[in-house]
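Report on the structure
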There are 2 protein chains.
Amino acid sequence: MIKITFPDNSVKEYKEGINGLELAKDISSSLANEVVAISVNNEIRDITRPINNDAAIKLHKFDDPEGKHAFWHSSAHLMAEALEQIYPGIKFGIGPSVENGFYYDVDPGDGKVITEDALPKIEKKMYELSGQNSKFIRKEISKKEALDYYKKKGDEYKLELINELEDGEISLYTHGKFTDLCRGPHLPDTGPIKAIKLLNIAGAYWRGDEKRKQLTRIYGITFPKKKMLDDYLVMLEQAKARDHRKLGKELELFTFSPKVGQGLPLWLPKGTALRETLENFLKKVQKEHGYLPVITPHIAQKELYVTSGHYEKYGVDSFRPISTPAEGEEFLLKPMNCPHHCEIYKRKPRSYKDLPLRIAEFGAVYRYEQSGELHGLTRVRGFTIDDSHIFCRPDQVKEEFLKVIDIILYIFRTLNFKDFTTQVSLRDPNDKDKYIGTDENWEKAEKAIIEATEEKGLEKTIELGEAAFYGPKLDFIVKDVIGRKWQLGTIQVDYNLPDRFEMEYIGSDDQKHRPVMIHRAPFGSMERFVAVLIEHTAGKFPLWLAPDQVVILPISEKFNDYAEKVLNFLNNYDIRTLIDSRNEKIGKKIRDNEIKKIPYLLIVGEKEVTNNTVSVRKRGEGDKGTMKLEDFVVSLNKELEEHLN
Amino acid sequence: MIKITFPDNSVKEYKEGINGLELAKDISSSLANEVVAISVNNEIRDITRPINNDAAIKLHKFDDPEGKHAFWHSSAHLMAEALEQIYPGIKFGIGPSVENGFYYDVDPGDGKVITEDALPKIEKKMYELSGQNSKFIRKEISKKEALDYYKKKGDEYKLELINELEDGEISLYTHGKFTDLCRGPHLPDTGPIKAIKLLNIAGAYWRGDEKRKQLTRIYGITFPKKKMLDDYLVMLEQAKARDHRKLGKELELFTFSPKVGQGLPLWLPKGTALRETLENFLKKVQKEHGYLPVITPHIAQKELYVTSGHYEKYGVDSFRPISTPAEGEEFLLKPMNCPHHCEIYKRKPRSYKDLPLRIAEFGAVYRYEQSGELHGLTRVRGFTIDDSHIFCRPDQVKEEFLKVIDIILYIFRTLNFKDFTTQVSLRDPNDKDKYIGTDENWEKAEKAIIEATEEKGLEKTIELGEAAFYGPKLDFIVKDVIGRKWQLGTIQVDYNLPDRFEMEYIGSDDQKHRPVMIHRAPFGSMERFVAVLIEHTAGKFPLWLAPDQVVILPISEKFNDYAEKVLNFLNNYDIRTLIDSRNEKIGKKIRDNEIKKIPYLLIVGEKEVTNNTVSVRKRGEGDKGTMKLEDFVVSLNKELEEHLN
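Note that this is a predicted model, so its numbers are computed, not measured. Numbering of residues begins from 1 in every chain and follows the order in which that chain's sequence is written. Numbering of ligands from 1 and lettering of chains from A proceed in the order in which they are written. Restriction of local features to residues with pLDDT of at least 70 applies here, the model being predicted, together with a cutoff of 80 or more for giving and counting side-chain atom pairs; totals for whole chains, interfaces and linings are based on all residues. In computing side-chain values, all of the structure's heavy atoms are included and hydrogens and water are not.

Some remarks on unusual backbone geometry
Between Leu355 of chain A and Pro356 of chain A the backbone carries a cis peptide bond, its omega angle lying at -5°. Comment: elements are numbered from the N terminus, with helices defined as DSSP H or I runs of at least four residues and strands as E runs of at least two. Relative to the helices and strands, Pro356 of chain A resides in the loop between helix H12 (338-346) and strand S20 (357-366). With omega at -5°, the peptide bond leading from Gly184 of chain B into Pro185 of chain B counts as cis. With respect to the helices and strands, Pro185 of chain B occurs in the loop between strand S11 (178-181) and strand S12 (195-205). You will see that Glu327 of chain A, though not glycine, has its phi angle at about 70°, which is positive. One can find Glu327 of chain A in the loop between strand S18 (322-323) and strand S19 (330-333). Think of it in three bands: with a 1.4 Å probe and only protein chains considered, a residue is buried below 20% of the maximum accessible area for its type, exposed above 50%, and partly exposed in between. Accessibility expressed as a relative area gives 40% for Glu327 of chain A, which makes it partly exposed. With phi around 50°, Glu502 of chain A is a residue other than glycine that occupies positive phi space. On the secondary structure map, Glu502 of chain A appears in the loop between helix H15 (496-500) and strand S26 (505-506). Accessibility expressed as a relative area gives 53% for Glu502 of chain A, which makes it exposed.

Structure, rendered in structure tokens:
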């Protein structure tokens, strides 16, 4: 008999060799229908693989990331099987699961190409094969056997991969007529793959190396139910329409220039207005919460990052150091703002009465990313963190967490992010040695964070062992209107930098103490946050954020003077207003400005001039009738105040 | 006879060999008393040196920079004479005139030192020697003669200098018993040096090379009148008290960290508040003037600066390029914002109707300076330009100049810079080939600038040949309250970058045209401007700029609650307010807060609590009596509005 420990720490005895599927059946048959993978002592495995020793286990359904991984990985094999039947002699590179689905890099052979036209045919074949419910069979083999197998098959890609593996850790998975080099895990059989969609085809260099052969990468996604696929495809269409790269261009928010460089956004006037409104909004909140703004340079001597440990940890993967034409100095582009803020803390002696000290900066940082990893504003090489570092006494950690949570909740409320959860990342209690800081401080901080989330009534998961080596943290995960999850807002305790910078304060006991440091960024970065906001709102920013709030449309050039008068009136109330004075029909002007997603269109003609009024069209609501100019301003200000409260 | 052309272009004939002094006497004896140097065909010379050919001349008094140069250069020789008499065997490095006075680098010989204690004695000897009215006698000699002279004298420093000179361009100047290697010019004799002050002593490596011997640098200044020296010394004392480095530290505006690096200021909370107030002030003005804010990254690919020409021109003297860990890219820290803004112009086709396009950014740039050149906030390695680039049609240049001048004058008025002049820098009409851009455009732009300054009634000097090769410009030179001049505010036409970036717009004629670019920065840089502002105001910032506008001083802890109430009341009106709740006597609190130069101190005790009032002390004016809280806010807002109008 072996002892199986379940996630709730209950322990039960089973016969040796029992597998995950049998464990699930022992719990309930509905669970057995849904379980697709198992974690055995934190290693994810096939649910049909026997367990021969005492183990802590966790069963995964499709809804879990681990379940999706097994499901999509199996789907990649299924696609490979289909491809091999349609394109005999096709060779295979790698075929992993990814965040949404899977892909396989394939070489259809000299002179042959697979185009998007072929996807329906491959899909059809996959449905046919999945219907056969072929079992996935794992076989552990020696390196020599593996090499022999692929030599015989004539697949040089797999041979290259096998050559890099250690003997004794190689396995093959076979289902139906297809065998693949694979460490698993997989579904028991292809049956559960009920809904299949191949999404697109791209070129991909073998091993990501542009000097090597370009393979064909086929992307797909699968689900256990057709309804899930349908929902996903609707979401995908919505996401496409909301893509911040597309909207950023259409709304003229930001641009990129090949000469300036990839991943380095240039914020255009409308994007700058949006970003500055967000920054000023947070600055105001932070001021009310006692934050002290600072401005620090975008470079520092290498020495600073040697002290902070960033150089040792990230040095070689970062932009290389900047040398000077004389004097032999070495600088680094700032990858983080914290070391600069530590130097500000350290510039003079601090007393317990000075704490908490909340130093804040919208600080631009630069981090090298490979060009293939870059994506719009969400993955860039330069970005601005709405950064703050709170230096406090250990007994102030909870109070500071409560205050930061208040700020984050206020932001979410104001920006209409209604659906979010939090994750509390704590130490692994069985491996305390790998963390810096005293037991006492860790316990105090972890307790403080949990209490703070409870006092604020936050929905949360607690993850043991997910804390950074230097402290526990709290993350906010937001679901946008089309159901995608974004990690926005982090509050992180840090015992490491105070040590490395030898920070001190004089306590009420007249002794030297070490402060605790808290990193926090409610937006995360301005770039990423604006990207999420664009996709969340589909570019229909709330009135207070809209780069242009009102556009005035004179019916003909005769009314341009009156339009000018309305503009000046609104400008006096700091309402961001434009005039569309083009010599176009009013219908076209309305359509063109609706595309720009400007919250209010004011149409002015003979009647409006005579009565000193404006004809109001509201975004998404259409004609709101004619209003006195003063009344329009009052209603606008009312709407602005509602948003911000 | 030779023809002499005077600065007013009048021409007169004189006998060959006439000198500057004689020319001055021919005009008036009072001029002859004051003239100290002459420019002959733009080469500055002794006024006693004969003129043998037709020439354009300009006579210089002490008030001119050229006059000061001759005066102080002669004073350096006078000091050297004194030193040689006091320290026989002393050796001399170089002894130039500088912005304010002169210095000489000397080597008193092994084991000997000159300390500040010795300065009065040297000064006394200089007075004695100047009284001898020794004539400065110029002698042109061969390289061999020069080398022989200094070999005999045993001065290895002068020998090293001579070795680097071309034969035929070497001259010695002798006065009294002292002879120096020197190209001049000098006064006719030592007589005019009537007021002498040696200022301080510093170490200086020979040839600025830290591997070579450290010499003793003695700084001094001289004047033709004692009153001028007295005034200068008073100004120097005032300048010391106003030194922005000292005040910046005392008022906690900014700091430097050796780990971050020299010349890289860290703006502390109070300095950040000051700077942001200035930025928001200018942003508001710029918005009213139709500027469009953008935000661009602090790095760009080297390629961008190759296109702009900055790499070729400044590349080797700048921070070295930043390479990437993979992909072989090369980036540069941004030394200027213009190339980024050019890319924004170029991102889409532009029509004549889109112009002028005014792109604005508070853009941080980085330029390498040798550490010896760094000085507080006025000479740094990283600074933020209040930058804007106006892209316009050639016919819009004048209008744009008028508008920028309006902004600059508004800033000067608001910040109480009352005393300023302007300089218009034009092409050298005799050397048109060295400038880029068409004759027609140059003429149009130069005319536009001159007309604009005339329409605005600006006091100006016009300097031919002072334009950049790429366009004419207008500079504003401000005198601060202690009489020092600062160049603040530049408007620069540029025909070069539009060419290099191949910028275009479609004209009303449907043809492609090249826009004109105007660079402008009213503050220049935030760092330098704040430094000037600190020194101009001695840290007593006007109310609207003061980082802390009001501090509340409770007479005892009993009144802290009421202080808190007053604070909240003022915060509601966005008045930047502090409480000094320390357990100290009220007299000490008043003194401590007066040192911080906070505009208003509000004292609150029993009486104030009872009557809901505050006792007001105004900076520089003292007790203003007791006021109702509401009345205080009204009077404060009135003062704020007056400043900004």
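Section: the interface of chain B and chain A
Often, the extent of an interface is quoted as the loss of accessible area upon association of its parts. Across the contact, 60 residues belong to chain B and 60 residues belong to chain A. Defined here as a combined quantity, buried area equals the accessible surface (1.4 Å probe) lost by two parts on assembly, summed across both. Between chain B and chain A, a total of about 5100 Å² is buried, with carbon and sulfur atoms accounting for 61% of that surface. Between Lys or Arg on one side and Asp or Glu on the other, a salt bridge is scored when a side-chain nitrogen of the former is within 4 Å of a carboxyl oxygen of the latter. Joining chain B to chain A, the criterion identifies 10 salt bridges. Where Arg381 of chain B meets Glu329 of chain A, a salt bridge forms, and the shortest distance between an N and an O atom there is 2.9 Å. Whenever a nitrogen or oxygen atom comes within 3.5 Å of another N or O atom, the pair is scored as a polar contact, on the condition that within protein one atom can donate a hydrogen and the other can accept it, and that pairs from neighbouring residues in sequence are kept only if both atoms are in side chains. Along the contact surface separating chain B from chain A lie 36 residue pairs in polar contact (both at pLDDT 80 or more). A per-element tally of the side of chain B that touches chain A places helix H9 (residues 269-288) of chain B first, with six residues. Side-chain classes are defined by residue name, with Ala, Val, Leu, Ile, Met, Phe, Trp, Tyr, Cys and Pro counting as nonpolar, Asp, Glu, Lys and Arg as charged, and the others, Gly among them, as polar. By residue class, the composition of the side of chain B that touches chain A is 28 nonpolar, 15 polar and 17 charged. For this analysis, residues touch if any pair of their heavy atoms sits within 4.5 Å.

Comments concerning the packing of helix H17 (residues 560-572) of chain A against helix H20 (residues 629-643) of chain A
Residues and elements named next belong to chain A. At a minimum axis separation of 11 Å, H17 and H20 run at an interaxial angle of 35°. Of the two elements, H17 crosses H20, and the hand of that crossing is right-handed. Where H17 abuts H20, its residues Val566, Phe569 and Leu570 lie against Leu629, Glu630, Phe632 and Val633. Note on definitions: angles span 0 to 180 degrees between N-to-C directions of axes, and those axes are lines fitted to C-alpha atoms, for helices only across the stretch in contact. The handedness criterion is simple: a crossing whose near helix is rotated anticlockwise from the far helix by less than a right angle is left-handed, and one whose near helix is rotated clockwise is right-handed.

With respect to empty space enclosed by the protein
Residue and element names in this part refer to chain B. We place a 1 Å grid over just the protein atoms. Points where a 1.4 Å probe fits but has no way out form a cavity, open points with protein on both sides within 12 Å along at least 5 of 7 lines form a pocket, and any residue with an atom within 4 Å of a point lines it. Grid points are joined across faces, edges and corners, and a volume is the space filled by probe spheres set on the points. Counted by the stated rule, this structure contains one cavity of 30 Å³ or more. In this structure, the largest cavity spans a volume of roughly 120 Å³. Taken together, 13 residues line the largest cavity, and the ones lying closest to its centre are Ser318, Phe319, Leu332, Leu333 and Pro335. By residue number, the principal contributor to the lining of the largest cavity is helix H11 (residues 310-314), which donates three residues. Residues of the lining of the largest cavity, tallied by class, amount to nine nonpolar, three polar and one charged.

Quick look at the sheet that holds strand S4 (residues 43-45) of chain B
All names here are of chain B. Being paired, for any two strands, means DSSP has found at least two bridges between them. The sheet built from five strands is open, its strands ordered S2-S1-S5-S3-S4 with mixed pairing. At either margin of the open sheet sits one strand with a lone partner, and together these are strand S2 (11-14) and S4. Put simply, the sheet's adjacent strands are angled 35° from each other on average, direction ignored. Examined bridge by bridge, strand S1 (residues 2-5) and S2 share four bridges and lie antiparallel to one another. Each bridged residue has a counterpart across the sheet, and for Thr5 the counterpart in S2 is Val11. Contacts from helix H3 (residues 65-86) reach strand S3 (35-40), S4 and strand S5 (55-61), with the element oriented near 115° to S3.

Let's talk about the packing of aromatic side chains
Centres within 6.5 Å make a pair out of two Phe, Tyr or Trp rings, where for Trp the six-membered ring is used; the pair is then stacked when the planes are under 30 degrees apart, edge-to-face when over 60, and tilted otherwise. Taken as a whole, this structure holds 56 aromatic pairs over all chains when the rule is applied. Here Tyr103 of chain A and Tyr219 of chain A contribute two aromatic rings whose centre-to-centre distance is 5.5 Å and whose plane-to-plane angle is 65°, an arrangement assigned as edge-to-face. In this pair, Tyr103 of chain A sits in strand S8 (residues 101-107) while Tyr219 of chain A sits in strand S13 (residues 214-223), placing the two residues 116 residues apart along the sequence. A relative accessible area of 25% means that Tyr219 of chain A is categorised as partly exposed. Ring geometry for Phe62 of chain B versus Phe71 of chain B: centroids 4.9 Å apart, planes at 75°, classification edge-to-face. Both residues of the pair, Phe62 of chain B and Phe71 of chain B, belong to the buried class.

With respect to the confidence of the model for chain A
Model confidence for chain A is summarised by a mean pLDDT of 94, while 100% of its residues fall at 70 or above. Complex prediction metrics read pTM 0.87 and ipTM 0.87. For every residue, the predictor reports its confidence as pLDDT, a number between 0 and 100.

A look at the pattern of salt bridges
Under the defined criterion, the tally for this structure stands at 109 salt bridges over all chains. Between Arg381 of chain A and Glu327 of chain B there is a salt bridge, with its nearest N and O atoms 3.3 Å apart. In this pair, Arg381 of chain A is assigned in the loop between S20 and strand S21 (382-392) and Glu327 of chain B in the loop between strand S18 (322-323) and strand S19 (330-333), connecting two distinct chains. A salt bridge links Asp26 of chain B to Lys12 of chain B; its shortest N-O distance comes to 3.0 Å. Residue Asp26 of chain B is found in helix H1 (residues 20-27), and its partner Lys12 of chain B is found in strand S2; the two are separated by 14 residues along the sequence. Asp26 of chain B sits in the partly exposed class, given a relative accessible area of 39%. Taken together, the shared-partner salt bridges in this structure form one network comprising Glu160, Glu164, Arg207 and Arg212 of chain A.

Looking at the pairing of S19 of chain B
Sheet faces and side chains relate simply in a regular strand, where the side chains alternate between the two faces. All names here are of chain B. Bridge count for strand S17 (residues 299-301) against S19 is three bridges, and the pairing is antiparallel. Residue pairing for S19: Ala300 is matched across the bridge by Leu332. Pairing of S18 with S19 involves two bridges; the strand directions are antiparallel. By the bridge assignment, Ser323 is partnered in S19 with Glu330. Hairpin geometry of S18 and S19 is characterised by an intervening segment of six residues between the two adjacent antiparallel strands and by a positive phi of about 70° at Glu327.

Remarks on the relation of the copies chain B and chain A
Both copies of the chain are related by one operation, a rotation about an axis with a shift along it. For the pair chain B and chain A, the best superposition has an RMSD of 0.2 Å and corresponds to a rotation of 180° with a translation of 0.1 Å parallel to the axis. With respect to symmetry, the two chain copies, as superposed, fit the operation of a two-fold axis. It is Ile322 of chain B whose C-alpha, among those of chain B, lies nearest the rotation axis, at 2.8 Å. In this assembly, 100% of the residues forming the interface of chain B have copies in chain A that are likewise at the interface, indicating an isologous arrangement. To superpose the copies, least squares is applied to the C-alpha atoms of every residue with a pLDDT of at least 70 in both.

What about the side chain of Ser525 of chain B?
Residues and elements named next belong to chain B. Residue placement: Ser525 occurs in the loop between strand S28 (516-521) and helix H16 (526-537). Relative accessible area serves as the criterion here: at 8%, Ser525 is assigned to the buried category. Reaching out from Ser525, the side chain makes a polar contact with the backbone nitrogen of Arg528 at a distance of 3.0 Å. Not counting residues within four places of it along the chain, the set of residues in contact with Ser525 comprises Phe383, Thr384, Ile385 and Asp386.

Some points on the environment of Tyr573 of chain A
All names here are of chain A. With respect to the helices and strands, Tyr573 occurs in the loop between H17 and strand S30 (577-579). We classify Tyr573 as partly exposed; its relative accessible area is 42%. Once the C-alpha coordinates of Tyr573 and Phe541 are considered, the two residues, 32 residues apart in sequence, prove to be 20 Å apart. Sequence-distant contacts of Tyr573, defined by excluding residues within four places in its chain, comprise Val633 and Asn637.

Considerations on the pairing of strand S8 (residues 101-107) of chain B
All names here are of chain B. Of all seven residues in S8, seven are buried, a share of seventy percent or more. Of the two faces of S8, the one lined by Gly101, Tyr103, Asp105 and Asp107 and the one lined by Phe102, Tyr104 and Val106 are each fully buried. As defined by bridge partners, strand S7 (residues 97-98) adjoins S8 across two bridges and the pair is classed as antiparallel. Across the sheet, the residue bridging to Ser97 is Phe102, located in S8. Pairing of S8 with strand S13 (residues 214-223) involves five bridges; the strand directions are antiparallel. Bridge pairing links Asp105 to Arg217 in S13.

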